Number of protein chains: 2
Amino acid sequence: MTTIQDIADRLGVTKGTVSKALNGASDVSETLQKQILETAVEMGYTRLRRSKNAPPRLCILAAYRNIEYKEPHQFGYEIVLGFRQMAEPAGYQVDIVPVDEEFQRQVSYDVFMLQNSYQGAFVIGFSLNDPWMRDFETSRTPAVLYDNRVSANPSTAYVGVDNDEGMALAVTHLKKLGHRKIGYLSSALGSYIMQVRHKAFFQAMRQNGLKADSACAGTSFYVSQCLDRHLPHFLEEGMTAIICSHDLMAQSILVRCQEMGVRVPEDVSVIGFDDLPVCPYTSPPLTTLRQNRIQLGKSGYYALDSLMNGVSIGTLLLHTELIQRHSTAAPNADKK
Amino acid sequence: MTTIQDIADRLGVTKGTVSKALNGASDVSETLQKQILETAVEMGYTRLRRSKNAPPRLCILAAYRNIEYKEPHQFGYEIVLGFRQMAEPAGYQVDIVPVDEEFQRQVSYDVFMLQNSYQGAFVIGFSLNDPWMRDFETSRTPAVLYDNRVSANPSTAYVGVDNDEGMALAVTHLKKLGHRKIGYLSSALGSYIMQVRHKAFFQAMRQNGLKADSACAGTSFYVSQCLDRHLPHFLEEGMTAIICSHDLMAQSILVRCQEMGVRVPEDVSVIGFDDLPVCPYTSPPLTTLRQNRIQLGKSGYYALDSLMNGVSIGTLLLHTELIQRHSTAAPNADKK
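Please read all numbers here as calculations on a predicted model, not as lab measurements. Numbers given to residues run from 1 along each chain, matching the order in which its sequence is written. The lettering of chains begins at A and the numbering of ligands begins at 1, in the order of writing. Owing to the predicted nature of the model, reporting of local features is limited to residues with pLDDT of at least 70; listing and counting of side-chain atom pairs is limited to 80 or more, with chain, interface and lining totals taken over all residues. Note that the side-chain values use all heavy atoms of the structure and ignore hydrogens as well as water.

A run of DSSP states H or I qualifies as a helix once it reaches four residues; a run of E qualifies as a strand once it reaches two. Both are numbered from the N-terminal end. On a plain count of helices and strands, chain A comes out with 12 helices and 12 strands. The principal-axis extents of the C-alpha atoms in chain A amount to approximately 85 × 35 × 35 Å. Taken across its 336 residues, chain A has 55% of its residues classed as buried. In chain A, the proportion of contacts linking residues at least 24 apart, taken out of those at least 6 apart, comes to 69%. Of note, chain A has its 33 positive side-chain charges centred 3 Å away from the centre of its 35 negative side-chain charges. Each residue is placed in one exposure class: buried if its accessible area under a 1.4 Å probe, protein chains only, is under 20% of its type's maximum, exposed if it is over 50%, and partly exposed if it falls in between. By definition, residues are in contact when any of their heavy atoms lie within 4.5 Å. Charged residues are defined narrowly, with Lys and Arg counted positive, Asp and Glu counted negative, and His plus the chain ends left uncounted. A charge is said to be at NZ when it belongs to Lys, at CZ for Arg, at CG for Asp and at CD for Glu.

Turning to the pairing of strand E9 (residues 269-274) of chain A, a few remarks are in order. All names here are of chain A. With 6 of 6 residues buried, E9 is to be regarded as a mostly interior element. Inspection of the sheet shows strand E8 (residues 241-244) paired to E9 by 3 bridges, in the parallel sense. Residue pairing for E9: Ala241 is matched across the bridge by Ser269. Crossover handedness for the path E8 to helix H11 (residues 247-260) to E9: right-handed. Taken together, the 4 bridges between E9 and strand E10 (residues 287-290) define a ladder with parallel strand orientation. Residue pairing for E10: Ile271 is matched across the bridge by Thr287. Strands pair, by our definition, only if DSSP identifies at least two bridges between them. Whether a crossover is right-handed comes down to one check: with the strands pointing away from the viewer, does the path from the first strand over the helix to the second run clockwise; if it does, it is right-handed.

Definition used in this section: a nonpolar core is a set of buried Ala, Val, Leu, Ile, Met, Phe, Trp, Tyr and Cys residues joined via side-chain atoms within 4.5 Å. Counting residues in each nonpolar core, the largest one holds 140 residues, and the members touching the most others are A:Ile243 and B:Ile243. Not counting the four nearest positions on each side in its chain, B:Ile243 is found in contact with B:Met167, B:Ala170, B:Val171, B:Leu174, B:Ile182, B:Gly183, B:Tyr184, B:Leu185, B:Phe201 and B:Ile271. Among the nonpolar cores identified, the runner-up in size contains 33 residues, and B:Val28, B:Met113, B:Leu114 and B:Phe126 belong to it.

Another point: the packing of aromatic side chains. Pairing of aromatic side chains here covers Phe, Tyr and the six-membered ring of Trp, requires ring centres within 6.5 Å, and sorts the geometry by plane angle: under 30 degrees stacked, over 60 edge-to-face, intermediate tilted. One pass over the structure, following the stated rule, counts 31 aromatic pairs over all chains. Here the aromatic rings of B:Tyr109 and B:Trp132 are separated by 5.7 Å at their centres, their planes lie at 70°, and the arrangement is edge-to-face. Of this pair, B:Tyr109 sits in helix H6 (residues 109-115) while B:Trp132 is found in helix H7 (residues 132-135), placing the two residues 23 residues apart along the sequence. For B:Trp132, a relative accessible area of 0% translates into the label buried. The positively charged end of A:Arg197 is found above the aromatic ring belonging to A:Phe273, 3.8 Å away from the centroid. Charge-over-ring placement is defined geometrically: NZ (Lys) or CZ (Arg) within 6 Å of the ring centre, and within 35 degrees of the ring normal.

Let us look at the interface of chain A and chain B. Contacts between the two partners involve 21 residues from chain A, matched on the other side by 21 residues from chain B. In this description, buried area is defined as the sum, over both parts, of the accessible area (probe of 1.4 Å) that is lost when the two are combined. Both sides together, the interface formed by chain A and chain B hides about 1800 Å², and carbon and sulfur atoms give 53% of it. Here a salt bridge means any side-chain nitrogen of Lys or Arg lying within 4 Å of a carboxyl oxygen belonging to Asp or Glu. Inspection of the chain A/chain B interface yields 2 salt bridges. With a shortest N-O distance of 2.7 Å, A:Arg149 and B:Asp162 are connected by a salt bridge. Here a polar contact is recorded for every N or O atom pair within 3.5 Å, except that within protein the pair must consist of a potential hydrogen donor and a potential acceptor, and residues adjacent in sequence are included only if both atoms are side-chain atoms. Counting every contact that joins chain A to chain B gives 20 residue pairs in polar contact (both at pLDDT 80 or more). Secondary structure elements with two or more residues in the side of chain A that touches chain B: helix H8 (163-177), helix H12 (293-308) and strand E11 (313-318) of chain A. Top contributing element to the side of chain A that touches chain B by residue count: E11(A), with 6 residues. Of the residues assigned to the side of chain A that touches chain B, the class counts are 9 nonpolar, 9 polar and 3 charged. Three classes are used: nonpolar for Ala, Val, Leu, Ile, Met, Phe, Trp, Tyr, Cys and Pro, charged for Asp, Glu, Lys and Arg, and polar for all others, with Gly counted as polar.

Our next topic: the sheet that holds strand E9 (residues 269-274) of chain B. Residue and element names in this part refer to chain B. Spatial strand order, E7-E6-E8-E9-E10-E12: 6 strands in an open sheet with mixed pairing. Pairing within the sheet leaves two strands with one partner each, and these edge strands are strand E7 (217-220) and strand E12 (321-323). Taking the axes of each pair of neighbouring strands and ignoring which way they run, one obtains an average angle of 20° across the sheet. In this structure, strand E6 (residues 182-187) lies alongside strand E8 (residues 241-244), joined through 4 bridges in parallel fashion. Pairing of Gly183 across the sheet is with Ile242, part of E8. Its contacts with the sheet place helix H8 (residues 163-177) against E6, E8, E9, strand E10 (287-290) and E12, and it is angled at close to 165° to E9. To get an axis, a line is fitted to the C-alpha atoms, and for a helix only the part in contact is used. The angle between two axes follows their N-to-C directions and goes from 0 to 180 degrees. Against the sheet, helix H9 (residues 192-207) engages E6, E7, E8 and E9, with an angle of about 175° to E6.

Once that is clear, we can look at the pattern of salt bridges. Residue and element names in this part refer to chain A. For the structure on display, the rule yields 26 salt bridges over all chains. Residue Arg263 is joined to Asp267 by a salt bridge in which the shortest nitrogen-to-oxygen separation is 2.9 Å. Several salt bridges converge on common partners, so that one network encompasses Asp228, Arg256 and Glu259.

This part covers the relation of the copies chain A and chain B. All copies are superposed by least squares; the fitting set is the C-alpha atoms of residues with a pLDDT of at least 70 in both. Of the transformation placing chain A onto chain B, the axial shift is 0.0 Å and the rotation is 180°, giving an RMSD of 0.0 Å. Taken together, these values place the two copies in the relation of a two-fold axis. Minimal C-alpha distance to the rotation axis in chain A is attained by A:Leu316, lying at 2.2 Å. The overlap is high: 100% of the interface residues of chain A also sit at the interface in chain B, so the same surface is used on both sides.

Here we come to the environment of B:Ala62. Residue and element names in this part refer to chain B. By secondary structure assignment, the location of Ala62 is in strand E1 (residues 57-63). With 12 residues separating them along the chain, Ala62 and Gln74 place their C-alpha atoms 13 Å apart. In contact with Ala62, other than residues within four places in its own chain, are Ile67, Tyr69, Val97, Pro98, Val99, Ile124 and Phe126.

Dropping the structure here:
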C-alpha cells in the first residue's frame, strides 16, 4: 500500500509537505499541492488521515442544472432519498455535491474525491459532455453512475432501468390496442440514456413487426422546439400513438394537443417514461413507464458498497413497469 | 391475500382437502392434488404451513448433466459456494436440486416451489430447451437465472458477467499485440450465453475496426467436432488468433495444436473464457477472461433477496477481467 513516505520520495519533498498538501494546509503552494494530490492518486494512495470519530464519507455528485432533487415532485428526489436510506444507517455521512462543467475542468474526479476524503460517489444527471465522464473511464475511486455507462473500468458501475424492456412494454401495449403507426419524440441525444431509449424504440418496433424508419422519430434540445417541428407532421402522417423519451415531453404533448383541438386518447395515444409524481394528475392522467426511483437509489448504494468491497459490479438494471392510465386507448375508437 | 378457504371455495372442496393437498397427504388423489396446487399458484397463494422452528428455504436448481458443481475444479462449485455464503448466514436453508427435462415436464416451476415451500430459486446451467425456461416468463415465485435472461417478468432476474465487455477486452488485447485475422470457436448456440458471446465477438471486432464475416466463427455441439471442422481451416486462412466461447474449448485447442505441431502462442494465440481453476496449469498457461464465480454466487443471492423483498432487479452483470498468461503473444514474432 502506498504511504505518505512513498509520495514524498517520488517527488523529492518532505513527508511533512505531502501530509500538509493532502490535508489542504494553506502554507503549501497551490501548484505543489496539485502535484502532490495527482501523484497520490497515480500511486494509488487512497486513505487520508481522518479524525477517529468522523464517520466515513460518500458523496452524491449531481450535475448542476441538469437534475433536480430538492423537492418531492422532482425527478431526483427519491433517487437521493433511496441512496441515503441505505447509506446512512450503514454509518456513512452522505454529502450532496452539485458540480458544473467548470468545476469538473478544474480538478480531476480522483483528486476531488481524495481531497475531500470521499470513499465513493453516486453520480446523477451527468450528460456525455461532462468532463468527468472521461475520468470515469480510468478512475480508481469507486463510482456508480445513474443512467450512464462506462465500459471495462472495474471501479465503476452503471445503475438504471432496463430501457429495452420498457420500450418493448410500451410498443406491445400500443400494438395490442390496435396501433400500427407509432412515433417517438425525444430530447436531444446528448445523454447516454436518450441514446439508449432511442435505439430501444426502433428495436421494440422491429420485434413487434411494426415499420419504423427515421421519419418516425423526432429529437430536439428544447421540448417546445421538438413539438413545433414534429408533432403536426406526425399527426398529418396518420400516426395514432406517440411514445416519449420522458414524462415532461409527454405532458407537453397533452397540453399542445389540447391547444390544437386534438383529443388524447381518442385521436392520438401518448405514453411517457419515468412516472413522475405528477402523472396521475395530468389531463388525461398519463400512461407511462415507471422507474422506481427509491429502488434505484437503494440499488445505487448497493452497487457502490459492492465496488468498495471489491465486488466488481458492472451493470445493475431494474425492471420497469407499464402504468396504464388514460392517455392510451384503441386508435380512432369513436370514429368507427 | 389468498387463503386456503379461497382455494376451497373456487374448487368446491373442503378446506381440509385443500390443506391436505398442499401438505402432500397421501389420502388426496394425485389428480385432485395437482388441481389444488395449480389453483393455489394461479390465485397467488404462496405460504405453506410450516413448523415454526423450520428455517425458510431456498433452492439452487441445477440443470442435470449440464453444470457440475461438486468438486472445487468444476465450473459451478464456487457459484454454489458464493450463494450459500450469503444465504446461510442470513438464516436460509439452501437445497441443491438437480433437475432434468423430464422432471420439468411433469410439474410447473411455481407448483414445484409451492409444494416444497421454497421461497425463491437460483437457477444454474439451464439451456434454452429446458421446459421451465418458458415457465420463468410468467412465474410468480422469485427466480434468479444465472446466464439466462427472461424479459419483463418482475419476479425474475438475470445475473452474469458483461460478455460484451469481456469480448471487447479479448479483441482489444489481441489487436494491441498486432493480430488482425481473429477467429471465434464456440459450442452450439443452444444456450442464451453462447448466443450472447457469439454476437459480442462480432460486435467487438467491428468496434476495433477489424473484419469479421461468418467464416470467422465456427460452432458445433461437440468440442472435438468443432475443432475437426474449423481449426485446420482457420489456420489455412491465416488466422493468427482464436477466441473461444469457454475455457474447455481453448484447452482442447492447446492439445490439438500440440498434436498438429502448431505452436501456441508463436503460430497462433488462444484466449479462453471463464478462468477455470485449471487455466494456470495448461500448457502453455491460458490467457482467459475471468468470471469471478464466488461473486456471481453472492450476486445471485443479492438479486434473489431483492426480488423476495419487492425490489425488482432485472439484470445484474459483473465486470470480467482479462487474465493474461502465456497463450497469447504477437503474431509470428519469431518468423520476422
